[in-house]
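An overview of the molecular structure
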There are 2 protein chains.
Amino acid sequence: MIVGFIGFGTVSSSLSKILIENGCEIISSSNGRSLKTKELIKKLKVNDLNNFNEVAKNCDILISANTPSKAVDIGKNYGSLTNNIFLDLNNISPTSTNEIGSMVGENFVDGAIVGNVNNNKSVIYLSGEKADKIAILKDYGLSIKIISNRIGDASKLKVLRSIYTKGVSALLIETFEIAKQLNLEDELLNILVITEGDNFRNSSKSRIENSVNQLRKYGEVEEIVDFLKQFENVNIEFIDSMKNSFKRKF
Amino acid sequence: MIVGFIGFGTVSSSLSKILIENGCEIISSSNGRSLKTKELIKKLKVNDLNNFNEVAKNCDILISANTPSKAVDIGKNYGSLTNNIFLDLNNISPTSTNEIGSMVGENFVDGAIVGNVNNNKSVIYLSGEKADKIAILKDYGLSIKIISNRIGDASKLKVLRSIYTKGVSALLIETFEIAKQLNLEDELLNILVITEGDNFRNSSKSRIENSVNQLRKYGEVEEIVDFLKQFENVNIEFIDSMKNSFKRKF
């Protein structure tokens, strides 16, 4: 089994590590990449080809894991080059996913990573007609779950999850900000643990720390709201206004 | 120990049941009350006095547990009549709590019930100089926690908790509404359980069921927002707009 990666950042390297440990061959290209990427490719013993064209043509599964802004171009340039499966794992909107799907065609599989990819506790959700062809990576150590055969379902599910988790973070930022001003922070934490469970004590703190002053999350909410405009009967104002909680320091 | 109740609805009767089982004497008055209340008072063997004036004068602790709209009047009429402690347990705003406090004076204790009072899993949070005089009710089976000696802290804490739990309910209503339209309801539930814990499977459902089409919660959010206007650095638009999630059917 040969897996090719277009781009070799955190997601690609974390997945590669697991795949290599389980006997999978990984190919990528360090051509024109940063020194950090070159070193990472060397360190993990990834097969370093001349360019991404070669990577696309010489693998059983081609995976795109990059910065979201490059995802559509990568799909366009390399998605159709491979004769096998092209999996997009970028954190992109369902609209962008469908755009890639229309360019790549039947070999395209839509993927979304949920959970922390660094500690191998993440699950890769897949949708698309050929999602089952990627499910073989379970044998190489990855956690994989097929949602449906409809392109876009994986990214839609990620958006839904993101609305909930971002909203909870925003609520925590606001309530603990008010609690701080009232000198009732510890009391609020203790009272919420009663109904939310012991795990809330740590999860609430890390959610606040990971969300304050996060302009990236502000932008993600704007993208989500753009996607939500097609739906009726949704409290968009509520979802939209959470973005302001990510813009200021706590 | 004699505890008097002004009003005898769900909260009063649930607490009375526990207190009586643990050897406390309960007094109230069915004068002018509904048939249902009269029967409840009889059934629980509550000492039925001629009127609330007598109740106020003949107890060690006087508890007001009514509909929120009557709380201030009850504080005014009976809070000063008792020579002992007056505890307000109504679901009222910190502003109303302080209003009662200024009328009743030093014998006033501010209380908030958190959790389900019906199954004896609730905790009574108290604040005020004389909160420790109510803590004796622990010996009679109640769960009691003193927050501080500042009148208003108990109701403020309840408001803070309410912002969080109502906000989570609103988020669940919205995300599962969108998921329904995308035919991804089960998938969303499964994906959230990974990070939110197994308990989320049931808690999310009951939160949605208890929040859709709840005009009462809509009004409570309006009252909360009114209270929040005194704070700086708070995303009020976000908290305010959650109210619209409680106004429509799911």
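Residues numbered from 1 in each chain as written. Chains lettered and ligands numbered in written order. Predicted model: local features only at pLDDT ≥ 70, side-chain atom pairs only at ≥ 80, totals over all residues. Heavy atoms only, no water.

**A closer look at the packing of aromatic side chains**
Residue and element names in this part refer to chain A. Within the structure shown, the criterion is met by eleven aromatic pairs over all chains. Their ring planes at 85° and their centres at 6.1 Å tell us that Phe5 and Phe8 sit as a pair that is edge-to-face. The residues Phe5 and Phe8 share a single accessibility class, namely buried. (Phe/Tyr/Trp six-rings, centres within 6.5 Å; stacked < 30°, edge-to-face > 60°. Buried < 20%, exposed > 50% of the residue type's maximum accessible area, 1.4 Å probe, protein only.)

**So, the packing of helix H7 (residues 185–196) of chain A against helix H7 (residues 153–182) of chain B**
Axes are the key here: two packed helices are described by the angle between their axes and the distance separating the axes. Where H7(A) contacts H7(B), the axes come no closer than 10 Å and their chain directions differ by 50°. Between H7(A) and H7(B), the angle is such that the two are oblique. In this structure, the crossing between H7(A) and H7(B) has a hand that is right-handed. Side by side, H7(A) and H7(B) meet where A:Glu187, A:Leu188, A:Ile191, A:Leu192, A:Thr195 and A:Glu196 of the first sit next to B:Leu157, B:Leu160, B:Arg161, B:Tyr164 and B:Thr165 of the second. In the contact of H7(A) with H7(B), the residues fall into six nonpolar, two polar and three charged. (Axes fitted to C-alpha atoms, helices over the stretch in contact; angles between N-to-C directions. Helix = DSSP H or I, 4+ residues; strand = E, 2+ residues; numbered from the N terminus. Parallel < 35°, antiparallel > 145°, perpendicular 65-115°, else oblique. Left-handed = near helix turned anticlockwise from the far one by under 90°. Contact = heavy atoms within 4.5 Å. Nonpolar A, V, L, I, M, F, W, Y, C, P; charged D, E, K, R; others polar.)

**A closer look at the pairing of strand E7 (residues 123–127) of chain B**
Residues and elements named next belong to chain B. Burial within E7 is extensive, with five of its five residues counted as buried. Of the two faces of E7, the one lined by Val123, Tyr125 and Ser127 and the one lined by Ile124 and Leu126 are each fully buried. Pairing of strand E6 (residues 108–114) with E7, which is carried by five bridges, proceeds in the antiparallel orientation. Paired with Val114 across the strands is Val123, a residue of E7. Judged from the four bridges that link them, E7 and strand E8 (residues 144–148) form a sheet pairing that is parallel. In the strand pairing of E8, Leu126 is matched with Ile146. (Pairing = 2+ DSSP bridges.)

**What to know about the domain arrangement of chain A**
Much of the literature gives interface size as the accessible area that the parts lose upon coming together. Residues and elements named next belong to chain A. Domain boundaries in chain A define domain 1 (2–149) and domain 2 (157–246). Contacts between the two partners involve ten residues from domain 1, matched on the other side by seven residues from domain 2. Carbon and sulfur atoms make up 66% of the area that domain 1 and domain 2 hide from each other, which totals about 670 Å². Joining domain 1 to domain 2, the criterion identifies zero salt bridges. Linking domain 1 with domain 2 are two residue pairs in polar contact (both at pLDDT 80 or more), by the criterion used here. Every element with two or more residues in the side of domain 1 that touches domain 2 is listed here: helix H5 (94–104) and strand E6 (108–114). (Domains from an automatic or database assignment. Buried area = accessible area lost by both parts, 1.4 Å probe. Salt bridge = Lys/Arg side-chain N within 4 Å of Asp/Glu carboxyl O. Polar contact = N/O pair within 3.5 Å; in protein donor to acceptor, adjacent residues only side chain to side chain.)

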